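Observations on chain architecture
Okay, here's what each chain looks like letter by letter:
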Amino acid sequence: MTATGPHPARYTGAAEQPTLDTWQEGPHNRWTFAHLGELLPTASVTRRFPAAPAAATDRLSSVAVPRLRQRLEETYTDAFLVLHRNEVIAEYYRPGFAPDDLHLVMSVSKSMCGLVVGALVDSGDIAPSAQVVDYVPELAGSAYDGPTVQHVLDMALHLNYSEDYLDPASEVQTHDRSSGWRTRQAGDPEDTYAFLTALTGNGTAGTFQYCSANTDVLAWIIERVTGLRYSDALSKYLWSKLDADRDATITVDSAGFGFANGGVSCTARDLARVGRLMLDGGVGPSGRVVSEGWVGSILAGGDSEAMADSSFTALHPHGSYTRQWWCTGNERGNVTGIGIYGQYLWLDPATDTVIVKMSTWPEPDSEHLHGLQNQLLLDVSRSLDEPLATREFPAEATAPESKENAA
């Protein structure tokens, strides 16, 4: 087994990782008793009862899109939010889901990781042109021995990695098992670090291949240059700058490594703050996160010639991927973070609008649902082209606002 440490300790002075057999004992218990969710499944004891409204709550009358509520229901929406400039003008929450509930955002987590990398590039701690192994020498001999940080940011390198979420033999499922997302099997790597060192490829770089492992490599680099656990770096460089309503969460593996590629959960309103940060040129309410240049490079789009994802180009013929964001290349300049099962953080620079859509599709990936959802997001964006006072609203969008949600 390749040694992959040392890694940031879960608490100051820790000589080893707490385990299921040692967490109750000192000195681990000084930390674990306040962070039990990293070791044992936990359930919330909600401050409100019942925990969430039995009926859907919405205020959608400010968005002139026909059948909007029905289209949200048809695409398995759990939360939907439109942030126009600095005002939330529309929201929807399905029955049983409340505005301050956390929701797993899957691979929208990647876009957040890209912003942390951007902050460290701006500070000079990471050089995009440097090779990955300059920061993580344990990856020597793997598919990451040779490619640069920029290649990893843009997912522009070849790996022997199948992202087939439903195939038990795929690398993405082994990745899940190593990170604690699925039941471990004999022979699986002991944690995410070990999994990453075992990945191979043909050595080519420059052509897009979507691969969740790339984001975890970026998180490993972040840990090396900051000395922080990835979860703490995400807090320091991004979440603490947003004036968020709630703490986000991130799943961790047996080594305490945060699942950067897909493990973040947060509220719809707080995710919208990430989008607002982008449209505000990298500045959050509590300080700058990334430079205006970093954001500008994302909004300008990546290399459309490198894009080899036919399912994305079927919807966006001029699409690209850069710095962990999807760029549509359309006339509106829409850029988005995307997660399986229907998670979207959609930016519409033309109207200075952020749209959040959190969903639970019945399957991880669906061309049909992606098509419906992309059209919905475009329709909402286009509906905001006219000033609010001059818009005409369809009858089905004028239902009274929920008192719960309007408060």
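Residues numbered from 1 in each chain as written. Predicted model: local features only at pLDDT ≥ 70, side-chain atom pairs only at ≥ 80, totals over all residues. Heavy atoms only, no water.

1. Some details on the packing of helix H3 (residues 108-122) against helix H8 (residues 213-226)
Counted only if it meets this: Fitted lines through C-alpha atoms serve as axes, helices being fitted only where they are in contact, and the angles separating the N-to-C directions of these axes extend from 0 to 180 degrees. Numbering of helices and strands runs from the N terminus, with a helix taken as a DSSP run of H or I at least four residues long and a strand as a DSSP run of E at least two residues long. Crossings are classed by handedness, with left-handed meaning an anticlockwise turn of the near helix from the far one by less than a right angle and right-handed meaning a clockwise turn. Contacts were defined at the residue level, with two residues in contact if any of their heavy atoms lie within 4.5 Å. Any residue outside Ala, Val, Leu, Ile, Met, Phe, Trp, Tyr, Cys, Pro, Asp, Glu, Lys and Arg is labelled polar, Gly included; the first ten of those are nonpolar and the last four are charged.
Between H3 and H8, the shortest axis-to-axis distance is 10 Å and the interhelical angle comes to 35°. With respect to the hand of their crossing, H3 and H8 are arranged in left-handed fashion. Within the contact between the two elements, H3 uses Lys110, Cys113, Val116, Val117 and Leu120 and H8 uses Thr215, Leu218, Ala219, Ile222, Val225 and Thr226. Grouping the amino acids of the contact of H3 with H8 by side-chain chemistry returns 8 nonpolar, 2 polar and 1 charged.

2. Examining the layout of surface pockets
This is how the line gets drawn: For each structure, a 1 Å grid was placed over the protein atoms alone; sets of points admitting a 1.4 Å probe that cannot get out are labelled cavities, open sets with protein on both sides within 12 Å along at least five of seven lines are labelled pockets, and lining residues have an atom within 4 Å of a point. Grid points are joined across faces, edges and corners, and a volume is the space filled by probe spheres set on the points.
Put simply, the second largest pocket is a space of about 500 Å³. Every residue lining the second largest pocket is counted, 22 residues in all, and those nearest its centre are Asp309, Ser311, Trp326, Asp365 and His370. Listed by contribution, the elements that provide at least two residues to the lining of the second largest pocket are helix H12 (310-315), strand S11 (335-339) and helix H13 (367-383). Considering every element that reaches the lining of the second largest pocket, the biggest residue donor is H12, with 5 residues. Looking at the lining of the second largest pocket, its residues break down into 9 nonpolar, 9 polar and 4 charged.

3. Focus on unusual backbone geometry
Rules: The cut-offs for exposure are 20% and 50% of the maximum accessible area for each residue type, with area from a 1.4 Å probe on protein chains only; residues under the lower value are buried, those over the upper are exposed, and the others partly exposed.
A cis amide bond links Gly5 to the next residue, Pro6, at an omega of 0°. Along the chain, Pro6 falls in the segment before helix H1 (29-32). In this structure, Tyr76 is a non-glycine residue whose phi angle is positive, near 55°. Residue Gln324 is not a glycine yet carries a positive backbone phi of 75°. Summarising the element assignment, Gln324 is placed in the loop between strand S9 (320-322) and strand S10 (325-327). Judged by relative accessible area, Gln324 falls into the buried class, the value being 1%.

4. Details of the sheet that holds S9
Where we set the bar: Pairing between two strands is assigned when DSSP locates at least 2 bridges connecting them.
If you trace the 8 strands from one edge of the open sheet to the other, you get S1-S3-S2-S13-S12-S11-S10-S9, paired in antiparallel fashion. Edge positions in the sheet fall to strand S1 (57-59) and S9, since each of these pairs with one other strand and no more. Within this sheet the neighbouring strands show an average axis-to-axis angle of 20°, counted without direction. Direction of pairing for S11 relative to strand S12 (residues 343-348): antiparallel, over a ladder of 5 bridges. When the bridges of S12 are listed, Ile338 appears paired with Tyr344. Relative to S11, H3 is tilted by about 125°, and along the sheet it contacts S9, S10, S11 and S12.

5. Considerations on the confidence of the model for the chain
The criterion, for reference: Confidence of the predictor at the level of single residues is captured by pLDDT, which takes values from 0 to 100.
This prediction gives the chain a mean pLDDT of 93; 95% of its residues lie at or above 70. Overall, residues 393-407 carries pLDDT values under 50, and its contacts beyond four positions in sequence, including any with other chains, amount to 31 contacts.

6. Here we look at the nonpolar core
This is how the line gets drawn: Here, nonpolar core means buried Ala, Val, Leu, Ile, Met, Phe, Trp, Tyr and Cys residues that are tied together by side-chain atoms lying within 4.5 Å of each other.
Core analysis: the largest hydrophobic core is formed by 107 residues, its most contacted members being Tyr144 and Leu271. For Tyr144, the contacting residues outside a window of four places in its chain are Val132, Val133, Leu139, Val152, Leu157, Leu159, Leu196, Leu199, Cys211, Ala213, Asn214 and Val217.

7. A few points about the pairing of strand S3 (residues 87-93)
Extensive coverage of S3 is indicated by the burial of 6 of its 7 residues. Here S1 pairs with S3 via 3 bridges, running antiparallel. Within S3, the residue paired with Asp58 across the bridge is Tyr92. Relative to S3, strand S2 (residues 77-84) runs antiparallel, the two sharing 6 bridges. Across the sheet, Ala79 pairs through a bridge with Tyr93, a residue of S3.

8. Re the sheet that holds strand S5 (residues 249-250)
Taken in spatial order, the 3 strands line up as S4-S6-S5 in an open sheet, and their pairing is antiparallel. On the outer flanks of this sheet lie strand S4 (103-104) and S5, each paired with one strand and no other. Note that S4 and strand S6 (residues 264-266) share 2 bridges and pair antiparallel. Within S6, the residue paired with Leu104 across the bridge is Ser265.

9. Here's the deal with the packing of H3 against helix H10 (residues 268-279)
Applied cut-off: An angle below 35 degrees is treated as roughly parallel, one above 145 as roughly antiparallel, one from 65 to 115 as roughly perpendicular, and anything else as oblique.
At a minimum axis separation of 12 Å, H3 and H10 run at an interaxial angle of 45°. The pairing of H3 with H10 is recorded here as oblique in orientation. The element H3 and its partner H10 pack so that their crossing is left-handed. Every residue of H10 that contacts H3 at Val108, Met112 and Leu115 is listed here: Leu271, Val274, Leu277 and Met278. When the residues that make up the contact of H3 with H10 are grouped by side-chain class, the tally is 7 nonpolar, no polar and no charged.

10. Side note on the state of the cysteines
One covalent bond between the sulfur atoms of two cysteine residues makes up a disulfide. Formally: Cysteine sulfur atoms are paired as a disulfide whenever they fall within 2.5 Å.
Evaluated as defined, the whole model comprises 0 disulfides. Note on Cys211: no disulfide assigned, nearest cysteine sulfur contributed by Cys113 at a separation of 13 Å. Here Cys327 stays free of any disulfide, with the sulfur of Cys113 as its closest cysteine sulfur at 16 Å.

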